[in-house]
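Fold and geometry: a report
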Amino acid sequence: MSSTTKVGIISCSGEELPEGTISRLATRRVLELMRPGNTVTICLPLFLAGNEAEREFARKHPTITVDGCNKLCAKKGTEKYSGPVSAALVVSEILNGKCSCCAVSAKDRSEDDKEAVWLVSEQIAKAVDEIVAGEGETCCSDEEADTVACGCSTPVPGMQIQVAGKSVTIPGLGLIFDHLAETGLAADDSSGEKLLETVRIYHPIEPEQEDDYRTALTSAYKAYRRQT
Amino acid sequence: MIPNGNGKKTIVIPCSGIGKVQGLIAREAAYAAAAAGGGELLCLALLVSGDEEAVSRIRDAECITIDGCPKLCAVKNVEATGGTVAKSIQVIDVLKNHRGAELGTATKLADAGWAVAHEIAQDINHCESEVK
């Protein structure tokens, strides 16, 4: 994946339906954890009602829209003001009825909601990868992206760990630890494999590095859990 | 949903800004207010995209908008589509009473973020009960 490619993700975030909440959370997950170096976003209402500067966003970035329902507010709005989108995802179609137990508010979130968010975010990340692979170096650069990107799309800070004596920064590692803690992962030596399996979704780990990463992640997770 | 003192329904419209914690606070405040009988919800993106049914709904109602940032997407878009804004809440203003609080992120609210959301929801429901 080109490190300079920036794909814009515009989520509908519809307030009336659980699918709107899922579109928002899945988009955030891709921005923060899954493809932080290759994605930016902008608030849909700001984009739709904004001025030319805001609408430049989708003209300069290959854009993925994530709509909660078949009203397709994000897709239609983006295409109206900025031209065709590179990919248009619809949460209700991705989940295909598996969203009936999902909630609109975070306070009511269950395992069903989390799984739905994971499923949709995987699809968004896949679409990002396809666009990046297709666009390569012809995409806008980081410098260009900064001129139009919403400042709020800055990825979450990474956490540094020591792997075989070297300092390595892993984007969103704190959030990964939080998520695994919520799922009940014990802060002991038995957690190594699960930590490795989860972190490598977001951070490249070569096969020959696995043992070092397993040790480093286990140690970091234990320390993190002691502090939180 | 209960009509307000003017016989009109109340619709609560948060900005739901995706990039900042204030957007999530606005969104959760709207859910909390609606759950306590403070009004109906309406997707802001649907309204901004010009959906006829959404536009018709806000023209027959009084709207309470909750904006996370000074761009004021919610209040501006309700007014631009012919709606009446009975009350405009800006999260930034509410936060003046919570300086230094750890609110959470645009993805997940911390305890202080939830407290601010509930404070806004109570304000909305208090306002509602006064006009009934």
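Residues numbered from 1 in each chain as written. Chains lettered and ligands numbered in written order. Predicted model: local features only at pLDDT ≥ 70, side-chain atom pairs only at ≥ 80, totals over all residues.

**Considering the overall build of chain A**
Secondary structure summary: chain A contains 10 helices and 6 strands in total. Within the span of chain A, comprising 228 residues, buried residues form 48% of the whole. Long-range pairs, those at least 24 residues apart, make up 67% of the contacts in chain A with a sequence separation of at least 6. (Helix = DSSP H or I, 4+ residues; strand = E, 2+ residues; numbered from the N terminus. Buried ≥ 20, exposed ≤ 12 C-beta atoms within 10 Å, placed from the backbone. Contact = placed C-beta atoms within 7 Å.)

**So, the interface of chain B and chain A**
Interface size is commonly expressed as the accessible surface area that is lost when the partners come together. Facing 29 residues of chain B, the contacting portion of chain A comprises 30 residues. Where the side of chain B that touches chain A is concerned, the elements lending two or more residues are α1 (21–35), α2 (44–48) and α4 (73–80) of chain B. In terms of residue class, the side of chain B that touches chain A is built from 16 nonpolar, 6 polar and 7 charged. (Nonpolar A, V, L, I, M, F, W, Y, C, P; charged D, E, K, R; others polar.)

**Structural notes on the sheet that holds strand β1 (residues 7–11) of chain A**
Residue and element names in this part refer to chain A. Spatially, 4 strands are ordered β2-β1-β3-β4 in an open sheet, and the strand pairing comes out parallel. Since the sheet does not close on itself, it has two edges, and those belong to β2 (39–41) and β4 (87–90), each with one partner. Across the sheet, the mean angle separating the axes of adjacent strands is 25° when strand polarity is ignored. Strand direction decides the pairing type here: strand β3 (residues 63–67) and β4, joined by 4 bridges, are parallel. (Pairing = 2+ DSSP bridges. Axes fitted to C-alpha atoms, helices over the stretch in contact; angles between N-to-C directions.)

**Considering the sheet that holds strand β4 (residues 84–90) of chain B**
Residue and element names in this part refer to chain B. An order of β2-β1-β3-β4 is seen for the 4 strands of this open sheet, with the pairing classed as parallel. Of all strands in the sheet, those bounded by a partner on one side alone are β2 (40–41) and β4. Pairing analysis gives 2 bridges linking strand β1 (residues 9–14) to β2, with the strands arranged parallel. Across the sheet, I11 pairs through a bridge with E40, a residue of β2. Each of β1, β2 and β3 (61–67) touches α1; the most contacted strand, β1, lies at about 155° to it. Docked against the sheet, α4 engages β1, β3 and β4, running at close to 155° with respect to β3.

**Some details on the domain arrangement of chain A**
All names here are of chain A. As far as domains go, chain A holds domain 1 (7–152) and domain 2 (158–227). Contact with domain 1, which involves 4 residues of that partner, is made by 5 residues of domain 2. Here the residues of the side of domain 1 that touches domain 2 are counted per class, giving 3 nonpolar, no polar and 1 charged. (Domains from an automatic or database assignment.)

**Regarding the nonpolar core**
Counting residues in hydrophobic clusters, the biggest one holds 100 residues, and the most contacted among them are A:I124, B:I25, B:A29 and B:A45. Of the residues forming this core, the biggest block, 10 residues, is contributed by α1(B). Split by domain, the residues of this core number at least three in each of domain 1 (7–152) and domain 2 (158–227) of chain A. Setting aside its immediate chain neighbours within four residues, B:I25 contacts B:G68, B:V91, B:L103, B:L109, B:G113, B:V116 and B:A117. (Core = buried A, V, L, I, M, F, W, Y, C linked by C-beta atoms within 7 Å.)

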